[in-house]
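The residues making up each chain are set out below.
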Amino acid sequence: MVKLTAEMEEVMNNVKVFYLATASKDGVPNVAPMGMVYLQEDKETIWFIDNYMNKTMENIRENPVAAVSIWYPDGKNSFQLKGSITIENEGTDYENAVAIAHFKSEKYPARNLVKMHVNEIYSSTPGTEAGKRLL
């Protein structure tokens, strides 16, 4: 796994919507906006709280890899993370994710905790470095 830099962490802290891309076992893509996204202290694990991730969860169960696009509003310092996915629906981390979701609103079901373990990071900033592997 690779760790996000302090600059990447700052960008993540200022983005409200993240776009998570998955694919079925047959390679059919799906991209969904995510609001409950949390970089963990290890700087290499990202939590996504599954409230309404129907197609996304179906894809993850078939093909447990994903990419997330982090686009900073000014277009600078934007990047893409690629990694492996695990799903939890019990245990301490899951209970913490449920508490986070319910703190925002009791209406959120927090069905699963989706963990992305970051393996690669690429630049998405427009220009000649777009698509370059950063880590």
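Anything mentioned here points back to the structure above.
Here the structure is a predicted model, which is why all the values come from computation and not from measurement.

Points about the environment of alanine 130
Here's step 1: Tracing the sequence through the fold places alanine 130 in the segment after β7 (112-123).
Here's step 2: C-alpha separation for the pair alanine 130 and valine 17, spaced 113 residues apart in sequence, amounts to 21 Å.
Here's step 3: Beyond its immediate stretch of four places on either side in the chain, alanine 130 contacts Ser123 and Thr125.

Quick look at the packing of aromatic side chains
Here's step 1: Per the counting criterion, the structure on display carries zero aromatic pairs.
Here's step 2: Cation over ring: lysine 82 sits above tyrosine 122, and NZ or CZ is 4.9 Å from the ring centre.

Overview of the sheet that holds β7
Strand pairs in the sheet, formed through backbone hydrogen bonds, run parallel or antiparallel to each other.
Here's step 1: Within the open sheet, the seven strands sit side by side as β2-β1-β5-β6-β7-β4-β3. Their pairing is antiparallel. In this open sheet, the two edge strands, each paired with only one partner strand, are β2 (29-34) and β3 (37-39). Neighbour-to-neighbour, the strand axes of this sheet turn through a mean angle of 30°, independent of strand direction.

Considerations on the environment of lysine 43
Here's step 1: If you trace the backbone, lysine 43 turns up in the loop between β3 and β4 (45-50).
Here's step 2: Under the relative-accessibility criterion, lysine 43 is labelled partly exposed at 23%.
Here's step 3: Spatially, the C-alpha atom of lysine 43 lies 8.8 Å from that of valine 118, the residues being 75 residues apart in sequence.
Here's step 4: Sequence-distant contacts of lysine 43, that is, excluding residues within four places in its chain, are made with Val2, Lys3, Leu4 and Glu9.

Reading the values: rules and limits
Per chain, residue numbering runs from 1 following the sequence as it is written. Selection of residues for local features in this predicted model requires a pLDDT of at least 70, selection of side-chain atom pairs for listing and counting requires 80 or more, and totals for whole chains, interfaces and linings are taken over all residues. As a convention, hydrogens and water are excluded, and side-chain values are obtained from all of the structure's heavy atoms. Only DSSP runs of H or I with at least four residues qualify as helices, and only runs of E with at least two residues qualify as strands; both kinds are numbered from the N terminus onward. In what follows, residue pairs with any heavy atoms lying within 4.5 Å of each other are defined as contacts. Planes of paired rings set the category: under 30 degrees apart is stacked, over 60 is edge-to-face and the rest tilted, where pairs are Phe, Tyr or Trp rings (Trp by its six-membered ring) whose centres lie within 6.5 Å. Cation placement over rings: the criterion is NZ of Lys or CZ of Arg within 6 Å of the ring centroid and within 35° of the ring normal. At least two DSSP bridges between two strands are required for those strands to pair. Here, axes are lines fitted to C-alpha atoms. For helices the fit covers the stretch in contact, and angles between N-to-C directions go from 0 to 180 degrees. Residue burial is assigned from relative accessible area. The probe radius is 1.4 Å, only protein chains are included, and a residue is buried under 20% of its type maximum, exposed over 50%, and partly exposed in between.

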